[in-house]
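# Inside the fold
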Amino acid sequence: MDLGLRGKRAIVTGGSRGIGKQCALALAREGVHVCIAARTEDILNQTLAELEQTGGKGHTVAVDLTTQAGCKKVVQETIDRFGGVDILVNNVGAARNADILGLSPKLIDEALSLKTYSYLRMSQLVIPYMRENQWGRIVNVAGAAGTSPTRGNIPTGAANITILNITRALSDAVAGDGILVNTVCPGLTNTGRARTQQSARAKREGRDVEELLQELGQELPAGRIAEPEEVANVVTFLASEACSYMFGSALYMDGGKRRATP
Ligand SMILES: NC(=O)c1ccc[n+]([C@@H]2O[C@H](COP(=O)([O-])OP(=O)(O)OC[C@H]3O[C@@H](n4cnc5c(N)ncnc54)[C@H](OP(=O)(O)O)[C@@H]3O)[C@@H](O)[C@H]2O)c1
């Protein structure tokens, strides 16, 4: 299938590690020029070097995406470097969780600040450029926790459910301009974040975190947790010309865990 991505210009937030990094690499392999945003400069540089090895063209911006100034800097540098922006992958997210009975609202504030507000701000900032070309794709990386809350994951879940709301509302606002807004909801995915999230439980139970991740995967219909490359493949399709009739959809990639249909 020709994805029609060659020469397009993309931003991937939180693109230096984990799912975001694999999205950046997958898009670059399709001939997309990719601007990667995250905070830590040396990790950004390592990812850029990998991206350039694929023959792709990239750029990095070291910013804190919880701020409006940080979001603006990413968009401005992408425009200066590539002359426009066609694709936005909103992926950044790093909520800290705690049991609901002792949960500080501050953790919810932090989760919303990094994920909900940055996804909204970044979308608002890129849409005028996408409208100029009457073409754009915004792909949000939410998470299955948005519709499957537990007593221990409310900050993550609160941020992710707002992304589903924003996806629908934004899609309605820009569908007539050739801009498609959709969301991917991964379940547990093999990244540094998954290890950090499960390490408290592993410690509590006196177990190895790798063994715990394997066991959590075996409980799923898929029999294993997701690899970030698998999420990136779906994101790349949603970012492409080939994805032409999906508006405000949410795709679950949770290894079959979700009981609700759809
Ligand atoms: N892994 C999972 O099991 C899973 C499951 C469901 C949904 N998700 C969602 O998938 C997305 C990616 O998760 P992941 O597991 O790939 O995470 P990850 O491996 O921890 O990577 C997070 C990325 O975000 C960047 N980042 C974090 N805080 C930032 C900030 N304040 N400003 C700018 N950049 C920041 C990190 O770089 P720096 O730290 O250098 O800034 C890194 O590039 C998140 O939205 C997460 O909620 C993940």
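Residues numbered from 1 in each chain as written. Predicted model: local features only at pLDDT ≥ 70, side-chain atom pairs only at ≥ 80, totals over all residues. Heavy atoms only, no water.

### Details of the pairing of strand β6 (residues 179-186)
Of all eight residues making up β6, eight are buried, and the element is well covered by its neighbours. Both faces of β6 are covered, namely the face carrying Ile179, Val181, Thr183 and Cys185 and the face carrying Leu180, Asn182, Val184 and Pro186. For the crossover from strand β5 (residues 136-141) across helix α5 (residues 154-174) to β6, the handedness is right-handed. As defined by bridge partners, β6 adjoins strand β7 (residues 250-253) across four bridges and the pair is classed as parallel. Residue pairing in the sheet places cysteine 185 in a bridge with tyrosine 252 of β7. (Buried < 20%, exposed > 50% of the residue type's maximum accessible area, 1.4 Å probe, protein only. Helix = DSSP H or I, 4+ residues; strand = E, 2+ residues; numbered from the N terminus. Right-handed = clockwise from strand over helix to strand, strands pointing away. Pairing = 2+ DSSP bridges.)

### Digging into the side chain of glutamine 198
With respect to the secondary-structure elements, glutamine 198 resides in helix α6 (residues 192-204). Of the residues examined, glutamine 198 reaches a relative accessible area of 15% and is grouped as buried.

### Remarks on the pairing of strand β1 (residues 9-13)
Where burial is concerned, most of β1 is hidden: five out of the five residues are buried. Residues Arg9, Ile11 and Thr13 point to one face of β1 and Ala10 and Val12 to the other, with burial holding for every one of them. Pairing geometry for β1 and strand β2 (residues 33-38), over five bridges, is parallel. In the sheet register, isoleucine 11 faces β2, and the bridge partner there is cysteine 35. Handedness of the crossover joining β1 and β2 through helix α1 (residues 18-29) is recorded here as right-handed. As judged from the three bridges shared by β1 and strand β4 (residues 87-90), these two strands associate in the parallel manner. Bridge pairing in β4 links valine 12 to valine 89.

### Comments concerning the sheet that holds β2
Within the open sheet, the seven strands sit side by side as β3-β2-β1-β4-β5-β6-β7. Their pairing is parallel. If you trace the sheet from one side to the other, it starts and ends with β3 (58-62) and β7, each paired once. Between one strand axis and the next, the sheet turns by 15° as a mean value, whatever way the strands run. The strands touched by α1 are β1, β2, β4 and β6; relative to β1, the strand with the most contacts, the crossing angle is about 170°. (Axes fitted to C-alpha atoms, helices over the stretch in contact; angles between N-to-C directions. Contact = heavy atoms within 4.5 Å.)

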